[in-house]
Amino acid sequence: MKISARVRGEWLQVPCKDGKVTVGWLAEEAVRRYVRLHPVSGNVLLPSSANNNKPRMVEVRKTGGCVLLDPEDNVVDVLDDNDFVNVRMENDVPDSMGTTTIGPPTTSDSDVVLDGYHLTIKQLVLLSKGNTKIRLRKIAEDRVIAGRQLVEAILKENKVAYGITTGFGKFARTVISPDKLEELQENLIRSHSAGVGQPLTLERVRMLMALRINTLAKGYSGISIKTLNQVINAFNRSCLPWVPEQGTVGASGDLAPLSHLALGMIGEGKMWSHRTGWTDAKLCLESNGLEPIKLGAKEGLALINGTQMITALGAEAVDRCELIAKQADVVAALSLEVLKGSSRAFDSDVHQLRPHPGQINVARRLRSLLHSEAYPSAIAESHRFCDRVQDAYTLRCCPQVHGIVHDTIDFVHNIIKTEMNSATDNPLVLPERGEIISAGNFHGEYPAKALDYLAIGVHELSSMSERRIERLVNPVLSELPAFLVREGGLNSGFMIAHCTAASLVSENKVLCHPSSVDSLSTSAGTEDHVSMGGFSARKALQVVANVERVIAIELLAACQAIEFLRPLKTTVPLEEVYRTVRAVVRPWDKDRYMAPDIEAATNLLKDGKIWNCVKGNVGHISPFQTFVALDGRLKLPVGHCQLSREKQGNRLLETGDAVSDIKWPLKTFHSR
């Protein structure tokens, strides 16, 4: 028989032969496997004394019901085949039920207060980590109560209202008797829980849940404050339903995934929590001191109508795109440096002649990182008098190509943020007018189109990056050893790493085909145009994941190229990038297992560490900051900042002076 054991949040399957081994042996074997697979983090489970290799196991509990198991019992006597157990070690922190606490730390960040109007992408990403709780603003509670009162009034007056006293979709003309209204809502949840495929990660379920709470907090859904608080309590205790990622057409909202979310809340289907792991939803709720929701009229529909899955995944995609796009600029600068390119193409006058915001910002970042009076580069000085007139497009045109990516991300950010704080139900309950209106705010075309656009935009970062990798590994183009390794032939170096980058770029070309250009009529012709936004969001995430890996390969290749230019050094900020990479990946002296290096570099990018080590040099212009005119002059847009009255050299600056198109023969000035 086989048992799945959880150690420090990791599930491991442990073969137990015929089950005639003890529970204690099962725990020791699970931890042994954990330590072998996680040698750094796992060794804390082992005893400090060297006289034996057995971990100090504290307890083993069956996942379902949290039953404490006796270590001396045989597995076959207390567990079934394919059962689940939690193993807690001496160094783990027990929660109130005695099970291992994995996830929320003992100290948490400040609560996020929701009111349906002001949730940001950064806050949503923070909520996905499981360290932060949700509270409802008082004004939001009042709006929710007012909306519910209108629904109750309609019920009391026996009025006909879609989704409240009628069926759904094609059954909108079917009036339901009052004694069947609760069953109507439960049947809606059960029948619409028809999703398939891999489940969303726990982080993404948290985002989905938080977004639905935020939408309900606007007060236009007709849900009761009791039901909304039950959802909030489940979120705060990390009781997370099983939600498959496929099945939404993004028209009447994300009906299938949101129904799976609601299914767990009514105590059906599967649900996960820190205390129970994956188990029956009702048991999970009860194990965390919660009760399943009893749905009133309209409440089932209120829980499932909306674009929250498209928007949740889209918010994650935007957040990751913002981070990788900034770091792609940094990596491009490093590649240009080792390929001995010129920085003249990034002259500020050139980019003021085509003043797209993204283009101007990228050019400024590149100037900030490359050779200047402030940050001289010995590598740049070494080819100062070469006869090269201009560089290849992937070097020279970074501001133009990377720039539109940044502007695209900004555009999509605004679309997603608006969608996050919108009422997307149907029908909408308008208590201030005393009306319930059936409309189409649930249609996912806005986030669907925006996320297709995002995928197309961010893909160009990897397209540019792959061509720069080709230039780095090709000795004809780089004047460096072939594939950036000594003893070529005996060693293959970055040969196949470049192939990996090429394969990811090719994959992205297919994924960038817009999902939202398709539509299939559903619900017997009632929903005759749909957005297909669920796939727009899912593939946008896959595109950005591929981009992260391609940029990681370029980062490794550029750092490896520096090894062949030593003892020459690059600029101070780019040397810091090099040191950050070398802290996790050593130079490539001869062939070795490369996949872990790519993974380590990818993690640096995903954690924002490459940006963090240079952001002081390339951050956006802001007040109360000293600036350096890297190309010998400084030019800022009119009204961008006000200058203090200071004497610098022979120039007196007046507060409020316009600085547009003025060349200052100064190295620094101060803004206040």
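Everything numeric here is computed off the predicted structure, so don't read it as measured data. (Residues numbered from 1 in each chain as written. Predicted model: local features only at pLDDT ≥ 70, side-chain atom pairs only at ≥ 80, totals over all residues. Heavy atoms only, no water.)

## A few points about the overall build of the chain
- Looking only at helices and strands, one finds 25 helices and 18 strands in the chain.
- Taken over 672 residues, the chain has a buried fraction of 53%.
- Within the chain, contacts between residues separated by at least 24 positions form 74% of all contacts whose residues are at least 6 apart in sequence.
- In the form shown here, the chain has an accessible surface area of approximately 29700 Å², with 53% of it arising from carbon and sulfur atoms. (Helix = DSSP H or I, 4+ residues; strand = E, 2+ residues; numbered from the N terminus. Buried < 20%, exposed > 50% of the residue type's maximum accessible area, 1.4 Å probe, protein only. Contact = heavy atoms within 4.5 Å. Areas by Shrake-Rupley, 256 points an atom, 1.4 Å probe, with all protein chains shown as cover.)

## Notes on the nonpolar core
- Grouped together as the largest cluster of nonpolar side chains are 150 residues, with contacts concentrated most on Leu484, Phe494 and Leu555.
- No other element matches helix H12 (residues 308–338), which puts 18 residues into this core.
- Summarising the domain contributions, this core has at least three residues from each of domain 2 (111–305) and domain 3 (314–520 + 529–615).
- Discounting chain neighbours no more than four positions away, the residues touching Leu484 are Leu472, Val473, Phe494, Ala557, Gln560, Ala561 and Phe564.
- Counting residues in hydrophobic clusters, the runner-up holds 21 residues, among them Val21, Val23, Leu69 and Val75. (Core = buried A, V, L, I, M, F, W, Y, C linked by side-chain atoms within 4.5 Å. Domains from an automatic or database assignment.)

## Let's talk about the sheet that holds strand S12 (residues 277–280)
- Judged by pairing direction, the sheet is antiparallel, and its three strands sit side by side in the order S9-S11-S12 without closing on themselves. Edge strands, defined here as strands with exactly one partner in the open sheet, are strand S9 (240–241) and S12.
- Relative to S12, strand S11 (residues 270–273) runs antiparallel, the two sharing four bridges. Counterpart to Trp272 in the pairing with S12 is Trp278. (Pairing = 2+ DSSP bridges.)

## With respect to the confidence of the model for the chain
- Predicted confidence across the chain gives a mean pLDDT of 85, with 85% of residues reaching 70 or more.
- This model gives residues 40–55 a pLDDT under 50, and the stretch forms 30 contacts once residues within four places in sequence are excluded.
- Contacts from residues 93–109, a stretch scored under 50 in pLDDT, to residues over four places away or in other chains number 40 contacts. (pLDDT = per-residue confidence, 0-100.)

## Some points on unusual backbone geometry
- Omega for the peptide link from Asn426 to Pro427 comes to -5 degrees, which places this bond in the cis form.
- In the segment running from Arg566 into Pro567, the intervening peptide bond is cis, with an omega of 15 degrees.
- Non-glycine residue Lys17 carries a positive phi angle of around 55 degrees.
- On the secondary structure map, Lys17 appears in the loop between strand S2 (10–15) and helix H1 (23–37).

## Description of the environment of Glu460
- Along the chain, Glu460 turns up in helix H18 (residues 445–473).
- Taking the relative accessible area as the measure of exposure, Glu460 reaches 32% and is therefore partly exposed.
- Through-space distance from the C-alpha of Glu460 to that of Val547 is 8.7 Å; in sequence the pair is 87 residues apart.
- Every residue in contact with Glu460, bar those within four places of it in the chain, is listed here: Val401 and Val405.

## Thoughts on a nonpolar patch on the surface
- Taken together, the side chains of Ile404, Phe411 and Tyr453 define a hydrophobic patch exposed on the protein surface, amounting to about 290 Å² of accessible area.
- Within the fold, Ile404 resides in helix H17 (residues 398–420).
- Judged by its relative accessible area of 45%, Ile404 is partly exposed. (Patch = residues over 30% accessible without salt bridge, like charges linked within 9 Å, V, L, I, M, F, W, Y side chains within 5 Å. Salt bridge = Lys/Arg side-chain N within 4 Å of Asp/Glu carboxyl O.)

## Some details on H1
- The terminal C-alpha atoms of H1, which comprises 15 residues, lie 21 Å apart, in line with the 21 Å expected from a rise of 1.5 Å per residue.
- Taken together, the buried positions of H1 are occupied by Val23, Gly24, Leu26, Ala27, Glu29, Ala30, Val31, Tyr34 and Val35. (Expected span 1.5 Å × (residues − 1).)

## So, the pattern of salt bridges
- If you walk through the whole model with that rule in mind, you get 31 salt bridges.
- A salt bridge links Glu548 to Arg320; the shortest N-O distance between them is 2.8 Å. With Glu548 in helix H21 (residues 533–563) and Arg320 in helix H12, this pair connects stretches of sequence that are 228 residues apart. Residue Glu548 shares its accessibility class with Arg320, and that shared class is buried.

## Examining the packing of helix H20 (residues 495–511) against H21
- At a closest axis distance of 9 Å, the pairing of H20 and H21 adopts a crossing angle of 160 degrees. Judged on the interaxial angle alone, H21 and H20 are roughly antiparallel. Judged by the sense of rotation from one axis to the other, the crossing of H20 with H21 is left-handed. Here Ala497, Thr500, Ala501, Leu504, Val505, Glu507, Asn508 and Leu511 of H20 lie close against H21, whose contacting residues are Lys539, Gln542, Val543, Asn546, Val547, Arg549, Val550 and Ile553.
- Partitioned by chemical class, the residues of the contact of H20 with H21 number nine nonpolar, four polar and three charged. (Axes fitted to C-alpha atoms, helices over the stretch in contact; angles between N-to-C directions. Parallel < 35°, antiparallel > 145°, perpendicular 65-115°, else oblique. Left-handed = near helix turned anticlockwise from the far one by under 90°. Nonpolar A, V, L, I, M, F, W, Y, C, P; charged D, E, K, R; others polar.)

## Section: the side chain of Ser224
- Position of Ser224 relative to the elements: it lies in the loop between helix H7 (202–216) and helix H8 (225–236).
- Within the structure, Ser224 has its side chain in polar contact with the side chain of Thr227 (distance 3.0 Å).
- Those residues in contact with Ser224 that sit more than four places away from it in its chain are Val144, Arg148 and Glu299. (Polar contact = N/O pair within 3.5 Å; in protein donor to acceptor, adjacent residues only side chain to side chain.)

## Side note on the packing of aromatic side chains
- One pass over the full model with this rule turns up three aromatic pairs.
- Aromatic side chains Trp11 and Phe84 sit 5.4 Å apart centroid to centroid with 90 degrees between the ring planes, which places their arrangement in the edge-to-face category. Linking Trp11 in strand S2 with Phe84 in strand S5 (residues 83–89), this pair joins segments that are 73 residues apart in sequence.
- By relative accessible area, Phe84 is classed as partly exposed at 36%.
- Lys270 extends its terminal NZ or CZ atom over the ring of Trp242, reaching a point 4.6 Å from the ring centre. (Phe/Tyr/Trp six-rings, centres within 6.5 Å; stacked < 30°, edge-to-face > 60°. Lys NZ or Arg CZ within 6 Å of the ring centre and 35° of its normal.)

## With respect to the packing of H18 against H20
- Running from N to C, H18 and H20 point in directions that differ by 155 degrees, and their axes come no closer than 10 Å. Taken together, the axes of H18 and H20 lie roughly antiparallel to each other. As for how H18 packs across H20, the hand of that crossing is left-handed. Residues His459, Ser462, Ser463, Glu466, Arg467, Ile469, Glu470 and Val473 of H18 pack against His498, Ala501, Ala502, Val505, Asn508 and Lys509 of H20.
- In the contact of H18 with H20, the residues fall into five nonpolar, five polar and four charged.

## Here we look at the environment of Arg204
- On the secondary structure map, Arg204 appears in helix H7.
- When the C-alpha positions of Arg204 and Lys129 are compared, they lie 9.2 Å apart, and in sequence the two are 75 residues distant.

## Details of helix H9 (residues 255–265)
- For H9, the tally of buried residues reaches 11 of 11 residues, placing the bulk of the element in the interior.
- Those residues of H9 that sit buried are Leu255, Ala256, Pro257, Leu258, Ser259, His260, Leu261, Ala262, Leu263, Gly264 and Met265.

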